[in-house]
Amino acid sequence: MGQAVVLAGWVHRVRDLGGVTFVDLRDASGIVQLVLRDAPKLSHEDVVRVGGSVRPRQSPNPALPTGEVEVEVGELELLSHAKPLPLPVAEEGSPSEETRLRYRYLDLRKPRMQRNLGLRHRTALAIRNYLDAQGFIEVETPMLTRSTPEGARDFLVPSRLSRGSFYALPQSPQLFKQILVTSGVERYFQIVHCFRDEDLRADRQPEFTQLDLEMAFLEDPEELFGLLEGLVAHVFREAIGVEIQTPIPRLSYAEAIARYGSDKPDLRFGMEIADVSKPFAGGPFRVFSEIVNSGGAVRALPVPGGAAKSRGELARLEEAAKGHGLPGLAWIKIGEEIASSLGKHVPPETLAAVAHAAGARTGDLVLLAGGKPETASLALGDLRLHLGRELGLIASDRWGLAWVVDFPLFKEGEGRLESEHHPFTSPRDEDLSLLETDPLKVRAKCYDFVMNGVELASGSIRIHRRELQERVFRILGIGPEEAERRFGFFLRALEYGAPPHGGIAFGLDRWVMMMAGEDSIREVIAFPKTTTGACPLTDAPSTVDAAQLRELGLRLEP
């Protein structure tokens with residue numbers, strides 16, 4: 001105590017008690033209380049420098065790390081005066097998103113936003129330290145490249161020197177990282193900015209950051225899983241002090257859909273979906289028996305304590321199910337006696353067998369959906385999440401982690417097949433014979449890393465032989481001429497000794513958002529866009545003058 005100090009920062013709060021003024025001074029390290037006598041009038045967010053001595057605080061504040069001490073100010077210098085604020089900094093308040101982003105330099109001063117930026121920094125630092133220790137090197141890939149759409153629209157950049165030609169901003173470094181491993185960079189990573197011109201939502205921005213990673217001589221995903229589980233555990237430990245249990249569970253795509261009704265299941269709570277087709281096969285309820293006999297399925301979702309739900313609540317759940325493509329929703333209530341919407345058609349012993357198969361107990365509700373197996377499971381999966389939140393079953397302090405593997409290689413698109421992941425994903429060796437004859441049954445060497453019901457990362461073992469890559473292109477309707485035009489540079493690289501390889505990309509914004517406990521990635525990005533893709537701070541996007549357009553050989557149509 002009594003130590004002389006010089007401090008500088010922003011005026012966080014002012015309490016004038018007449019003759020004595022208490023000021024909370026804030027800088028990047030935190031807040032300390034100042035005591036001033038005959039102080040000049042200070043405004044919130046004024047920037048000051050003070051000199052004084054440290055002394056015990058008469059009324060300690062246990063909420064502050066500096067709450068046991070204060071600084072008695074001997075001299076004060078006003079470095080910069082702040083106008084009246086358009087949004088509060090000392091309190092969270094509830095200004096509109098437009099206001100927050102227009103005055104982002106004020107919004108970022110809030111302790112919450114400073115914590116989020118610090119968390120993002122610690123996350124990136126932990127990633128770099130871990131991967132460096134594992135023999136990875138960070139290599140930057142181009143921001144201006146050619147357009148090779150990967151499912152979303154590209155942002156195009158006109159070329160002044162080659163009029164009529166365009167660069168594209170990268171949706172990912174996919175082809176460059178594959179070329180890097182063919183170039184002898186056996187372990188590559190990059191924390192990289194990517195761009196997609198698509199509709200926005202809470203966890204999506206037109207520009208976003210991902211951790212991109214690729215390994216040469218990788219044929220078994222398990223080798224990658226072990227390394228990445230170490231990475232995830234290291235980041236959680238260094239960034240937020242949480243210990244993650246490894247190994248992380250593996251689920252096949254088919255198992256995830258069947259048990260949870262989602263390819264990104266939230267494992268923080270139970271309510272697993274069960275197949276109850278057998279009791280209905282050949283039974284008296286013709287709707288379900290015909291579904292089962294024609295190759296469909298009846299799936300059941302147990303709802304803990306749901307027997308108390310009213311008819312109106314059940315009707316709303318049925319409407320929600322119809323919105324997901326089901327013709328309806330049946331139910332069973334487990335009480336002293338069993339009640340069911342199927343009571344007129346199905347005997348009590350069958351209903352009891354169904355409830356038992358679903359794992360339901362007294363007081364529970366069982367929801368039943370029939371149809372194509374995946375359709376029924378997906379509809380119940382959405383209800384599972386809705387009811388899990390409604391019933392308070394999802395623990396906010398738990399981390400539900402899983403690897404989802406064995407995705408389909410292809411999916412049905414509009415009049416043609418599309419890649420489930422991307423066209424450079426390798427099919428499983430045992431399914432190669434099905435490529436041309438039954439492509440929808442081909443499984444991919446593809447994997448997603450799921451956290452709390454969110455796809456946090458996605459990756460695959462890549463195709464490393466030109467012949468196989470061209471077979472996949474043909475199935476996707478990409479003929480030789482189009483393949484050469486769009487991907488010729490990459491196909492040629494595969495002809496000169498490309499090793500087996502694979503990798504993954506983590507959504508860094510999402511990862512930090514979830515560790516910070518935020519609901520939107522905008523809360524962990526310094527200068528995000530709004531849901532319309534605008535930047536209120538800079539008023540981007542903006543018009544450009546006619547001279548700039550003429551230089552580029554462009555003309556705007558009315």
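What this report covers is the structure whose coordinates are included nearby.

Reading the values: the criteria
- Residues numbered from 1 in each chain as written.
- Predicted model: local features only at pLDDT ≥ 70, side-chain atom pairs only at ≥ 80, totals over all residues.
- Heavy atoms only, no water.
- Helix = DSSP H or I, 4+ residues; strand = E, 2+ residues; numbered from the N terminus.
- Buried < 20%, exposed > 50% of the residue type's maximum accessible area, 1.4 Å probe, protein only.
- Contact = heavy atoms within 4.5 Å.
- Areas by Shrake-Rupley, 256 points an atom, 1.4 Å probe, with all protein chains shown as cover.
- Lys, Arg positive; Asp, Glu negative; His and termini not counted.
- Charge placed at Lys NZ, Arg CZ, Asp CG, Glu CD.
- Salt bridge = Lys/Arg side-chain N within 4 Å of Asp/Glu carboxyl O.
- Expected span 1.5 Å × (residues − 1).
- Pairing = 2+ DSSP bridges.
- Polar contact = N/O pair within 3.5 Å; in protein donor to acceptor, adjacent residues only side chain to side chain.
- Core = buried A, V, L, I, M, F, W, Y, C linked by side-chain atoms within 4.5 Å.
- Axes fitted to C-alpha atoms, helices over the stretch in contact; angles between N-to-C directions.
- Parallel < 35°, antiparallel > 145°, perpendicular 65-115°, else oblique.
- Left-handed = near helix turned anticlockwise from the far one by under 90°.
- Phe/Tyr/Trp six-rings, centres within 6.5 Å; stacked < 30°, edge-to-face > 60°.
- Lys NZ or Arg CZ within 6 Å of the ring centre and 35° of its normal.

1. Comments concerning the overall build of the protein chain
Assigned secondary structure in the protein chain consists of 15 helices and 22 strands. Taken along its principal axes, the extent of the C-alpha atoms in the protein chain is 90 × 75 × 55 Å. For the protein chain, buried positions account for 48% of its 558 residues. Of the contacts made within the protein chain by residues no fewer than 6 positions apart, 66% connect residues no fewer than 24 positions apart. When the accessible area of the protein chain is evaluated, it comes to approximately 27800 Å², of which 51% is carbon and sulfur surface. Taking the 66 positively charged and 79 negatively charged side chains of the protein chain as two groups, their mean positions are separated by 2 Å.

2. Considerations on the pattern of salt bridges
Side-chain pairs of opposite charge can arise whenever the charged atoms involved come near each other. In total, this model carries 47 salt bridges according to the counting rule given. Among the ionic pairs, Glu243 bridges to Arg237, the shortest N-O distance being 3.1 Å. Between Glu484 and Arg466 there is a salt bridge, with the nearest N and O atoms lying 3.9 Å from each other. With Glu484 in helix H13 (residues 480-493) and Arg466 in helix H12 (residues 466-475), this pair connects stretches of sequence that are 18 residues apart. Here the salt bridges do not stand alone but share partners, grouping Arg100, Arg104, Asp107, Lys110, Arg112, Glu518 and Glu523 into one network.

3. Examining H13
Over its 14 residues, H13 extends only 16 Å from the first C-alpha to the last, a length that falls short of the 20 Å expected when each residue adds 1.5 Å. If you check which residues of H13 are buried, you get Ala483, Arg486, Phe487, Gly488, Phe490, Leu491 and Ala493. For H13, the elements touching its buried residues are helix H4 (174-182) and H12.

4. Let's talk about the pairing of strand E9 (residues 187-195)
Across the nine residues that make up E9, a large majority, seven, are buried. Pairing analysis gives two bridges linking strand E6 (residues 137-138) to E9, with the strands arranged parallel. Directly across from Glu138, in E9, lies its bridge partner Phe189.

5. Notes on the pairing of strand E20 (residues 446-451)
Where burial is concerned, most of E20 is hidden: six out of the six residues are buried. A two-sided burial pattern is seen for E20, the buried positions comprising Cys446, Asp448 and Val450 on one face and Tyr447, Phe449 and Met451 on the other. The pairing of strand E17 (residues 401-405) with E20 spans five bridges and is classified as antiparallel. The partner of Val404 across the bridge, within E20, is Asp448. Connecting E20 to the antiparallel partner strand E21 (residues 454-461) that follows it, the hairpin turn spans two residues, and Asn452 within it adopts a positive phi of roughly 55°.

6. Overview of the side chain of Arg462
Its place among the elements puts Arg462 in the loop between E21 and H12. Accessibility expressed as a relative area gives 2% for Arg462, which makes it buried. Looking at Arg462, its side chain comes within polar contact range of the side chain of His422, at 3.3 Å. At 2.7 Å, the side chain of Arg462 and the side chain of Ser460 are in polar contact. Filtering out sequence-adjacent residues up to four positions away, Arg462 remains in contact with Gln174, Lys177, Gln178, Glu214, His422, Phe424, Ser426, His501, Gly502, Gly503 and Ile504.

7. Thoughts on the nonpolar core
Counting 46 residues, the largest nonpolar core has Phe506 and Trp511 as its most contacted members. The leading source of residues in this core is helix H5 (residues 221-240), at ten residues. Beyond its immediate chain neighbours, meaning those up to four positions away, Phe506 contacts Thr209, Gln210, Leu211, Leu228, Val232, Phe449, Leu456, Ala457 and Trp511.

8. So, the packing of helix H9 (residues 311-323) against helix H11 (residues 373-390)
Viewed as axis vectors pointing N to C, H9 and H11 meet at an angle of 140°, and their least axial separation amounts to 10 Å. With respect to each other, H9 and H11 are oriented oblique. Note that H9 runs across H11; the crossing there is right-handed. The residues of H11 that touch H9, namely those facing Leu317, Ala320 and Ala321, are Leu383, His386 and Leu387.

9. Some points on the sheet that holds E6
One open sheet accounts for eight strands, arranged E6-E9-E10-E22-E21-E20-E17-E11; its pairing is mixed. Single-partner strands in this sheet number two, and they are E6 and strand E11 (250-252). Note: E21 against strand E22 (residues 501-507), five bridges, orientation antiparallel. From the neighbouring strand, Ile461 faces E22, where its bridge partner is Gly502. Across the sheet, H5 is in contact with E9, strand E10 (207-216), E11, E17, E20, E21 and E22; its angle to E10 comes to roughly 135°.

10. Concerning H5
Residues lying three or four places apart along an α-helix face the same way, a consequence of the helix completing one turn every 3.6 residues. The first and last C-alpha atoms of H5 sit 28 Å apart over 20 residues, in line with the 28 Å expected at 1.5 Å per residue. Within two residues after H5, Gly241 carries a phi angle of roughly 70°, on the positive side.

11. Some points on the sheet that holds strand E14 (residues 330-334)
The five strands lie next to each other as E12-E13-E16-E14-E15, forming an open sheet whose pairing is antiparallel. Each of the sheet's edge strands pairs with one partner strand only, and the pair in question is strand E12 (274-275) and strand E15 (338-340). By the bridge criterion, three bridges tie E14 to E15 in an arrangement that is antiparallel. By the bridge assignment for E15, Ile332 is matched with Ser340. Helix-sheet contacts for helix H8 (residues 286-293) involve strand E13 (297-303), E14 and strand E16 (365-371), and the interaxial angle to E16 is about 55°. Along the sheet, helix H10 (residues 348-357) contacts E12, E14, E15 and E16; its crossing angle with E15, the most-contacted strand, is approximately 95°.

12. Considering the packing of aromatic side chains
Going through the model one piece at a time under the given rule, you end up with 16 aromatic pairs. Measuring from ring centre to ring centre gives 4.1 Å for Phe225 and Trp403, while their planes differ by 15°; the resulting arrangement is stacked. With a gap of 178 residues between them, Phe225 in helix H5 and Trp403 in strand E17 connect regions that are remote in the sequence. For Phe225, a relative accessible area of 2% corresponds to the buried category. Owing to a relative accessible area of 0%, Trp403 belongs among the buried residues under this scheme. For the ring pair Phe473 and Phe487, a centre distance of 5.0 Å and an interplane angle of 20° mean the geometry is stacked. Here Phe473, found in helix H12, pairs with Phe487, found in helix H13; they are 14 residues apart in sequence, far enough to count as distant. Classification of Phe473 by relative accessible area gives buried; the value is 1%. These aromatic residues form a ring-pair network of at least three members: Phe225, Phe236, Trp399, Trp403, Tyr447, Phe449, Phe506 and Trp511. Over the face of the ring belonging to Trp331 we find Lys333, whose NZ or CZ atom lies 5.4 Å from the ring centre.

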